[in-house]
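Here are the chains, one letter per residue:
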Amino acid sequence: MVNLRSIVVCILTWLFCSIANAGEFTPDVWTEGLHLFAGGSGNCAILYSDEKSNDVGMGVGLRTDASYFLSNYYALEFGANVAFYRIEDFTLWDTLVTLGLRARLPWSKYSKDSAPFFRVFGGRSPTVVVFREHVPLKYADNGIQRLQFEGPIAGVGIGLFKRAASGQVWYLELSLSAHFFENQDDIRSDGETPVVVEARSNTEYDRLQTLQFALGLVAF
């Protein structure tokens, strides 16, 4: 019977071989194998609700994408993106964990110095609202300090790989995502331990839409 240790060793060996076999990544030559992208972003978010006015906020984020390139045109990706927003009376912490596809933009021209691309991605991740000074009365009565929402994510992005004079490859990307909330946990903290006071499907907000402008580099 195959144990967990053997599976981990196999996965790590595969990752090492994928990285070792991947050649230099350039805008015009997407070498097969595993490549890592890392960067930061400036974001805008809108929280939609059927019961009250929508909330809008600005924020910043950090992101990484582990991309396995199948050819010079396509890659499968695992992405992680953490963003923080300041919205009137609370702070929003949005975590995106996604799987997706990256591909060259159809009918576009590319060269050794630049190449456009597009991405589609989806997943399921949590979004947390942390109240600041003013907690809504219906939550303050029970000592609720934050809300956690969960549900599916879908998004698209368009961007450009650009090689600098130093040879380092950078990327710019504009992406739009939507997070559809299916359930909500009302949480309070007893000391350092978070406690779910109530879990329900009738959520305070219906969905979160974000617009993100990212700048990053090809790490390897």
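Residues numbered from 1 in each chain as written. Predicted model: local features only at pLDDT ≥ 70, side-chain atom pairs only at ≥ 80, totals over all residues. Heavy atoms only, no water.

So, on to the overall build of the protein chain. In terms of helices and strands, the protein chain carries two helices and 10 strands. Ordering the α and β elements of the protein chain from the N terminus gives α-β-β-β-β-β-α-β-β-β-β-β. Only carbon and sulfur atoms are counted for the fraction: they give 63% of the accessible area of the protein chain, which is about 12100 Å². (Helix = DSSP H or I, 4+ residues; strand = E, 2+ residues; numbered from the N terminus. Areas by Shrake-Rupley, 256 points an atom, 1.4 Å probe, with all protein chains shown as cover.)

Before going further, it helps to examine the layout of surface pockets. Roughly 170 Å³ of volume is contained in the largest pocket. Taken together, 14 residues make up the lining of the largest pocket; nearest its centre are Lys-52, Asp-55, Phe-90, Pro-136 and Tyr-205. Taken together, the residues of the lining of the largest pocket sort by class into seven nonpolar, two polar and five charged. (1 Å grid on protein atoms, 1.4 Å probe; cavity = no way out; pocket = protein on both sides within 12 Å on 5 of 7 lines; lining within 4 Å. Points joined across faces, edges and corners; volume = space filled by probe spheres on them. Nonpolar A, V, L, I, M, F, W, Y, C, P; charged D, E, K, R; others polar.)

Inspection of every chain in the model, using the stated rule, returns 10 salt bridges. Among the salt bridges present, the one from Arg-200 reaches Asp-186, with a minimum N-O distance of 3.1 Å. With Arg-200 in strand 9 (residues 193-200) and Asp-186 in strand 8 (residues 183-190), this pair connects stretches of sequence that are 14 residues apart. Linked through salt bridges whose partners overlap, the residues forming this network are Arg-63, Asp-65, Glu-77, Arg-102, Arg-119 and Glu-173. (Salt bridge = Lys/Arg side-chain N within 4 Å of Asp/Glu carboxyl O.)

Of the strand pairs in this sheet, strand 3 (residues 74-87) and strand 4 (residues 90-104) are connected by 14 bridges, and their pairing is antiparallel. Bridge pairing in strand 4 links Phe-78 to Leu-99. The antiparallel pairing of strand 3 with strand 4 creates a hairpin that spans two residues between the two strands, and Glu-88 there sits at a positive phi of about 40°. Bridge count between strand 4 and strand 5 (residues 114-131): 12 bridges; the pairing is antiparallel. Across the sheet, residue Trp-93 finds its bridge partner in strand 5, namely Val-128. (Pairing = 2+ DSSP bridges.)

Next up on the list: the packing of aromatic side chains. Where two aromatic rings form a pair, the distance of their centres and the angle of their planes describe that pair. Under the criterion given, the structure shown has 16 aromatic pairs. It is Arg-104 that lies over the ring of Tyr-110; its NZ or CZ is 3.8 Å from the centre. The lysine or arginine in question, Arg-207, covers the ring of Tyr-48, its NZ or CZ lying 4.0 Å from the ring centre. (Phe/Tyr/Trp six-rings, centres within 6.5 Å; stacked < 30°, edge-to-face > 60°. Lys NZ or Arg CZ within 6 Å of the ring centre and 35° of its normal.)

Summarising the model, the protein chain shows a mean pLDDT of 85, and 89% of its residues fall at 70 or more. The least confident element of the protein chain is helix 1 (residues 4-21), whose mean pLDDT is 44; the most confident is strand 7 (residues 169-180), at 96. (pLDDT = per-residue confidence, 0-100.)

With that settled, consider unusual backbone geometry. The backbone of Trp-107 shows a phi angle near 65°, a positive value even though the residue is not glycine. Among the secondary structure elements, Trp-107 is positioned in the loop between strand 4 and strand 5. For Trp-107, a relative accessible area of 89% gives the class exposed. (Buried < 20%, exposed > 50% of the residue type's maximum accessible area, 1.4 Å probe, protein only.)

Turning to the environment of Gln-184, a few remarks are in order. Relative to the helices and strands, Gln-184 resides in strand 8. Judged by its relative accessible area of 0%, Gln-184 is buried. A sequence separation of 58 residues divides Gln-184 from Pro-126, and the C-alpha atoms of the two residues are 9.7 Å apart. Each residue touching Gln-184, except ones within four places of it in the same chain, is listed here: Tyr-139, Leu-147, Gln-148, Phe-149, Glu-198, Ala-199, Arg-200, Asn-202, Thr-203 and Glu-204. One polar contact links Gln-184 to Tyr-139, side chain to side chain, over a distance of 3.2 Å. (Contact = heavy atoms within 4.5 Å. Polar contact = N/O pair within 3.5 Å; in protein donor to acceptor, adjacent residues only side chain to side chain.)

Let us now look at the environment of Glu-198. Take Glu-198: it is sitting in strand 9. Here the alpha-carbon distance between Glu-198 and Ile-187, two residues 11 residues apart in the chain, equals 7.4 Å. Contacts of Glu-198, omitting those with residues within four sequence positions, involve Gln-184, Asp-185 and Asp-186.

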